[in-house]
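Given next are the chains, with one letter for each unit.
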Amino acid sequence: MGNFMSDEANCIQVAVMVPLRRIFSYALPPEGHLQPGMRVRVPFGKGKRVGIVLGYASCPPDVMLKTIEQVLDAHPILPIALQQLIHFGATYYHHPLGDAWATALPTLLRQGRPLPKPTPWGYRLSATEAQTAPRQPGKLQQALRELLITTGVVPEAEIPKELRPILRQAIRKGWIETVAEVISPKQAVPSPHRLNAEQESAVTQLRMAKGFNAWLLEGVTGSGKTEVYLEAIRPHLESGAQALILVPEIGLTPQLVERCQTRFGEHRVAALHSAQGDGERLRIWAAAAAGQIQVIIGTRSALFVPLPRLAMIIVDEEHDPSFKQQNGWHYSARDLAIQRARLENIPIVLGSATPSLESLYNAQKGRYQHLELRQRATSADLPKMTIVPLRRENLQGGISSTLLTACKETLEAGNQVLLFLNRRGYAPAVLCHDCGHVLQCPRCSAPMTWHRQQKRLRCHHCSHESHWPPVCPACRSAVLVTVGQGTEQLEEILRQRFPQTPIWRIDRDALHGRDALATAVSDIHRNRAAILVGTQMLAKGHHFPAVTLVGIINTDQGLFSADFRAPERLLQTVLQVAGRAGREERPGRVLLQTHLPEHPLLQSLAQGDYRPPAQALLDERRAAGLPPFGALTLLRAEAHQRCRVDEFLQAACQCAPLALVEISGPTPSLMERRAGFERAELWIQAPGRAQMQKALKLWLPQFAELHSARNVRWMLDIDPLLI
Ligand code: ADP
Ligand code: ZN
Ligand code: ZN
């Protein structure tokens, strides 16, 4: 951050919200004192931009400076800790500061709109009224008075409807006053369950945590982690403080929002996510910043919501890759959440049934304190896993006879079946029966997926779509066939096999809209025997009490990927999906279909515990010097011509600080062509994060002098998650 105002200060440093790696100086506005963190509107190029004041500085007197045009805030838009968090994150991920700010702020604030004034938060009796005997005439007045006497401060939102009409008059007459921004303490509803010993111990330890502390809460699926989070934050909320709960995708956790609202008050808890409109998001953001909302449950970007009395941060499903932003500022919301907790000096809890190898390792090193829940909270046992070898099996649309029989038994017993296949669409590829030509996306190095219901071929990596061609583009044969299967096809096959059984397909094609998933889930709850077919969407968080059989259709996908994290994700996904089975009285079982029944990872996974296979993967990472052992960064470049990409990456290699880092590449990216761009990358490895940072700091500024850098789009992915 910039300097304090000093005698020589004659200009202001501004992080302009553009993706440029530099700070800009402006002449002082004629009046007003500026503070770091205030938004200003500045002339930039031919137009105007919003920027953030960093501080005063002294510029050489001969430089002609443009003047700040408008000061948009009377106070810094974010508190100091969050300003520091953004600066830390921009530095760590080597991202332009102005763009990091733009990412962190709600859209309307980024565009320069004013921060809305919060409405009154609540009401209380005025001091004189509280002392006098009841003398309000009407019945409604009496009722309002009673309410305020018994409750103290009543939030706006909790005033009963029939009493609202008389509020204004009561304020005008002076016997009621408004309360602006305090959250009055309120008794919350305690857990409806008697916590078991492991939960109890976790809650006790978390409640005693003071100051910055990072905890890893590792609890098997259904072990009652959510109960632990809620009980851990309850005393804080009861005393008027705030909590932040980060989740991978809000659409997948409507149950969490509801549970929190029931326990802590409907209006004290708010969800924040991308499906909301800009106006609604800003309203919630502003209310949280004014201390009017106590619990924010949100996705990645909720990390930057100001919460003046924040007491604890929870990151649920911390292993989920969606905490890492995949474009622009490639930050990890989980990792920055730890930094936020450090800056705000409060405890943070990372929770998962299948912690990331990074977090497991941090717990083993003692950087995180480790809490474990080894048993399911209900009386249910963990499901039993069985490997189903596919070699020589007679497959019917990808389903083995073993799995089919199990489905039949389960349905006949009145229970539900969940089949997991992580591929949307009808078939992942279409090829020519005569010449073998595969229909490729013209803009990506990927086959087109056939979506039969919409009668479209679609690329899952860009927006390209086309019709089913009448003949093969290579040999003009008319015999084009689909290869492999997606959820749409699986659903079709199941409908033929089980015509009487209700079947739900749960994926992004079948369910659009905010509430589609929630509606499907509640329909599923109302039914008995039924089949659920789905992708990732099924794996996360949901509780399907009647599911007693889980089938993993294609386990092997994750064993062949070139992404070194694929086996870790395979483990996590299988165990998360498996965790949907037998969560209540009826025991569950899981069938893993594979062509590689002897694979050691699958053998270990089939024992049902996460830790032994995870430890084996950690050992492999150690041997390979891959994260969490050593730091990894990708420098990726893309351009329409491959030679430009190589030219830049080679030039970058030439000036790399090779004493500090090891570089391999240029190698083509896993998706070599994407949306018309040729892509390649350098893999940069260092023994630790500090050394990586040192190297990048020396290295990146030199790119400005590389002529070849102007012909490509390049980006850095520090601690990359999806290769
Ligand atoms: P997780 O987040 O670990 O998957 P949840 O907190 O959602 O687990 O709990 C799973 C189920 O068990 C929920 O239906 C919850 O209400 C129930 N539950 C949690 N704790 C207990 C407990 N101590 N006794 C009985 N049921 C519990
Ligand atoms: Zn052909
Ligand atoms: Zn494409």
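Overview of the structure.

Reading the values: rules and limits
- Residues numbered from 1 in each chain as written.
- Chains lettered and ligands numbered in written order.
- Predicted model: local features only at pLDDT ≥ 70, side-chain atom pairs only at ≥ 80, totals over all residues.
- Core = buried A, V, L, I, M, F, W, Y, C linked by C-beta atoms within 7 Å.
- Buried ≥ 20, exposed ≤ 12 C-beta atoms within 10 Å, placed from the backbone.
- Contact = placed C-beta atoms within 7 Å.
- Near = placed C-beta within 6 Å.
- Helix = DSSP H or I, 4+ residues; strand = E, 2+ residues; numbered from the N terminus.
- Nonpolar A, V, L, I, M, F, W, Y, C, P; charged D, E, K, R; others polar.
- Axes fitted to C-alpha atoms, helices over the stretch in contact; angles between N-to-C directions.
- Left-handed = near helix turned anticlockwise from the far one by under 90°.
- Pairing = 2+ DSSP bridges.

1. Things to note about the nonpolar core
No. 1: Among the nonpolar cores identified, the biggest contains 151 residues, and Val14 and Ile296 are the most heavily contacted of them.
No. 2: The residues touching Ile296, leaving out its near neighbours within four places in the chain, are Leu244, Ala270, Leu272, Ala288, Ala302, Val305 and Leu307.
No. 3: Ala631, Phe648, Val661 and Ala686 belong to the second largest nonpolar core, which has 21 residues in total.

2. Quick notes on the site of ligand 1
No. 1: Close contacts around ligand 1 come from 16 residues, with His193, Gly224, Lys225, Thr226 and Ala377 the closest.
No. 2: Considering every element that reaches the shell around ligand 1, the biggest residue donor is helix α8 (residues 225-238), with three residues.
No. 3: Residue composition of the shell around ligand 1, by class: two nonpolar, 11 polar and three charged.

3. Observations regarding the packing of helix α7 (residues 197-208) against α8
How two helices pack is summed up by the angle between their axes together with the distance between the axes.
No. 1: One can describe the packing of α7 onto α8 by two numbers: an axis separation of 9 Å at closest approach and a directional angle of 35°. The two elements α7 and α8 meet at a crossing, and its hand is right-handed. Where α7 approaches α8, its residues Gln199, Ala202, Val203, Leu206 and Arg207 are matched on the opposing element by Glu227, Val228, Glu231, Ala232 and Pro235.
No. 2: For the contact of α7 with α8, a count of residues per class yields six nonpolar, one polar and three charged.

4. A short note on the sheet that holds strand β11 (residues 269-272)
No. 1: In spatial order, the strands read β11-β12-β10-β13-β14-β9-β15; together these seven strands make up an open sheet with parallel pairing. Of all strands in the sheet, those with a lone pairing partner are β11 and β15 (369-373), marking the two edges. Direction aside, the axes of adjacent strands within the sheet are offset by 20° on average.
No. 2: Direction of pairing for β11 relative to strand β12 (residues 295-298): parallel, over a ladder of four bridges. By the bridge assignment, Ala271 is partnered in β12 with Ile297.
No. 3: Helix α11 (residues 333-344) contacts β9 (213-219), β10 (242-246), β13 (310-316) and β14 (347-352) of the sheet and is inclined by roughly 165° relative to β13.

5. Digging into the pairing of β14
No. 1: The buried fraction of β14 is high, at six of six residues.
No. 2: Alternating residues of β14 divide into Pro347, Val349 and Gly351 and Ile348, Leu350 and Ser352, and every residue in both groups is buried.
No. 3: Judged from the six bridges that link them, β9 and β14 form a sheet pairing that is parallel. Its bridge partner lying in β14, Leu216 is registered against Leu350.
No. 4: Relative to β14, β13 is paired through four bridges, and the arrangement is parallel. Pairing of Asp316 across the sheet is with Gly351, part of β14.

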